[in-house]
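Residue-level structural notes
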Amino acid sequence: MEKYLREIHENVTSWIHEIVPFVQKAVRNKLTINTKSSDFDIVTDVDKKVEQFFREKIHQAYPSHGIIGEESDNTNVKNSFDCLWVIDPIDGTTNFVKQKDHFCLLISFYEKHVGQLGYMYDVMNHDFYYAIRGHGAYLNEKRIEKPAPIRLREGLVSADILAWSQHRLFAELLDRSFGYRYFGCSGIDSIHVINGKFAAFVSTRSGPWDLAAQLIFAEEVGLKSSKFDGSPVNYTVGGDWILANEGCYEEIVELTKRF
Ligand code: IPD
Ligand code: CA
Ligand code: CA
């Protein structure tokens, strides 16, 4: 790995280990909760503090880099910088508030729009996932192997249940699978595809922060990812996307193309 990337990787690793105890402690404390686009779209003081923490660290270490973060105004960021970071400070805020489980931190680093470093931290399980372009993906420093092929008929599919109720074809997709499971956290649902427990995760309304890190993992562990029409996912835009095991991707995209 190039020296500058190793340095960035070491920095991000230490930042994550510095902020995680704060989040673990915050789970047990009273949270300040505000709503965003609707009564069910919530943000806590912890989401904002974690994003601010990463922003300050990045600005200090790499002042010329741009940042796309869920809890900030990202107008014009994507076209103005060669080096871009994407942050979801708490992915799965509803789970964080209601379950105190099944949420994670997502952060990634892109250079000239090529994903270099991706990080996911499953807070309650203390599981640290990272992916380095060309060097593989790791869980707690142990290399993650490419999952064995899973055919749709044999696999579990994760999808946003609200989207499922809005699209008739979602019912067909899930009907063709072995079964349906959904955590409600893009990172945790994706982790289950990465470790071969799920065949696919299909999502309709993702922000850049919901998928940028996972796209780098997909490359490193040999998973397929695309938009519903089969075109590449733009990590600065988000939208609909599929993360799938190679054994069922073609069958899934044949269906989602008709959505
Ligand atoms: C949400 C979660 C959820 C997914 C939504 C995301 P947030 O992220 O990942 O699973 O279905 O699309 O917005 O808002 O909790 O960071
Ligand atoms: Ca999210
Ligand atoms: Ca979030």
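Description of the structure in this document. Every chain is numbered on its own, with residues counted from 1 as its sequence reads. Chain letters start at A and ligand numbers start at 1, both assigned in the order the entries are written. Totals for whole chains, interfaces and linings use all residues, but because this is a predicted model, local features are given only for residues with pLDDT of at least 70 and pairs of side-chain atoms are given and counted only at 80 or more. Hydrogens are left out, water is left out, and the side-chain values use all remaining heavy atoms of the structure.

Section: the side chain of Asp-210
Looking at the secondary structure, you find Asp-210 in helix H8 (residues 208-221). When accessible area is computed with a 1.4 Å probe and restricted to protein chains, residues below 20% of their type maximum are described as buried, those above 50% as exposed, and intermediate ones as partly exposed. Charge assignment in this entry is limited to Lys and Arg as positive and Asp and Glu as negative, and neither His nor the chain termini are counted. In the sections that follow, a salt bridge refers to a side-chain nitrogen of Lys or Arg positioned within 4 Å of a carboxyl oxygen of Asp or Glu. The buried charged residue Asp-210 lacks any salt bridge, with Lys-36 as its nearest oppositely charged partner at 8.7 Å. A contact between two residues is defined here by any heavy atoms of the two lying within 4.5 Å. If we skip the residues at most four places from it in the chain, Asp-210 touches Asp-88, Asp-91, Leu-106, Ser-186, Arg-205 and Trp-241. Runs of E in the DSSP output that reach at least two residues are strands. Runs of H or I that reach at least four are helices, and both are numbered from the N terminus.

Section: the site of ligand 1
Each residue is tested against the molecule or strand, and it is near if at least one of its non-hydrogen atoms lies within 4 Å. Residues in close proximity to ligand 1 total 13 residues, the closest being Asp-91, Gly-92, Thr-93, Tyr-182 and Ser-186. Counting of polar contacts relies on pairs of N or O atoms within 3.5 Å, with two restrictions inside protein: one atom must be capable of donating a hydrogen and the other of accepting it, and residues adjacent in sequence are counted only when both atoms are side-chain atoms. Within the backbone of Gly-92, an N or O atom sits 2.8 Å from an oxygen atom of ligand 1. At 3.5 Å, a side-chain N or O of Asp-210 approaches an oxygen atom of ligand 1. We get accessible surface area from the Shrake-Rupley algorithm with a probe of 1.4 Å; when it comes to residues, only the shown protein chains can shield them. Within the complex, 82% of the 380 Å² of free accessible area of ligand 1 lies under protein. Residue composition of the shell around ligand 1, by class: 3 nonpolar, 4 polar and 6 charged. Note on residue classes: Ala, Val, Leu, Ile, Met, Phe, Trp, Tyr, Cys and Pro are nonpolar, Asp, Glu, Lys and Arg are charged, and everything else, Gly too, is polar.

A few points about the sheet that holds strand S12 (residues 200-206)
Sheet strands pair by backbone hydrogen bonding; their relative direction is either parallel or antiparallel. Spatial strand order, S11-S10-S12-S14-S13: 5 strands in an open sheet with mixed pairing. This sheet does not close on itself; its edge strands, each paired only once, are strand S11 (179-180) and strand S13 (224-226). The pairing criterion for strands is at least two bridges between them, as found by DSSP. One ladder, built from 5 bridges, connects S12 with strand S14 (residues 239-244); its direction is antiparallel. Across the sheet, residue Phe-201 finds its bridge partner in S14, namely Leu-243. Where helix H6 (residues 168-176) meets the sheet, it contacts strand S10 (156-159), S11 and S12, and its direction lies at approximately 165° from that of S12. Each axis is a line fitted through C-alpha atoms, and for a helix only the stretch in contact is used; angles between axes span 0 to 180 degrees, taken between their N-to-C directions.

So, the coordination of the calcium ion (ligand 3)
Protein-derived coordination of the calcium ion (ligand 3) comes from Glu-70 (OE), Asp-88 (OD) and Ile-90 (O), at a distance range of 2.1 to 2.3 Å. With water omitted from the atoms examined, metal sites may look incomplete; donors here are N, O and S atoms no farther than 2.8 Å from the metal, or 3.2 Å in the case of Na, K and Ca. In this structure, the calcium ion (ligand 3) lies 3.8 Å away from the calcium ion (ligand 2), the two metals sharing Asp-88 as a donor. Among the residues examined, Asp-88 registers a relative accessible area of 1% and is labelled buried.

Digging into helix H9 (residues 249-256)
Residues spaced three or four apart along an α-helix point in a common direction, a consequence of the helix completing one turn every 3.6 residues. Those residues of H9 that sit buried are Tyr-249, Ile-252, Val-253, Leu-255 and Thr-256. End-on, the buried residues of H9 take up no more than an arc of 155°, which puts them together on one face. To be clear, the arc concerns the directions from the helix axis to the C-beta atoms.

Quick word on the state of the cysteines
Throughout, a disulfide means two cysteine sulfur atoms within 2.5 Å of one another. One pass over the structure, following the stated rule, counts 0 disulfides. Cys-104 takes part in no disulfide bond, and the closest cysteine sulfur, belonging to Cys-185, lies 3.8 Å away. A residue is classified by how much of its surface remains accessible, and Cys-185, at 1% relative accessible area, is buried.

Some details on the pattern of salt bridges
The tally for this structure, following the rule as stated, stands at 12 salt bridges. Two residues, Glu-246 and Lys-146, come together in a salt bridge whose shortest N-O distance is 3.0 Å. One end of the pair, Glu-246, is in the loop between S14 and H9; the other, Lys-146, is in the loop between strand S9 (142-143) and S10, with 100 residues separating them in the sequence. Look at Lys-146 and you get partly exposed, because its relative accessible area is 45%.

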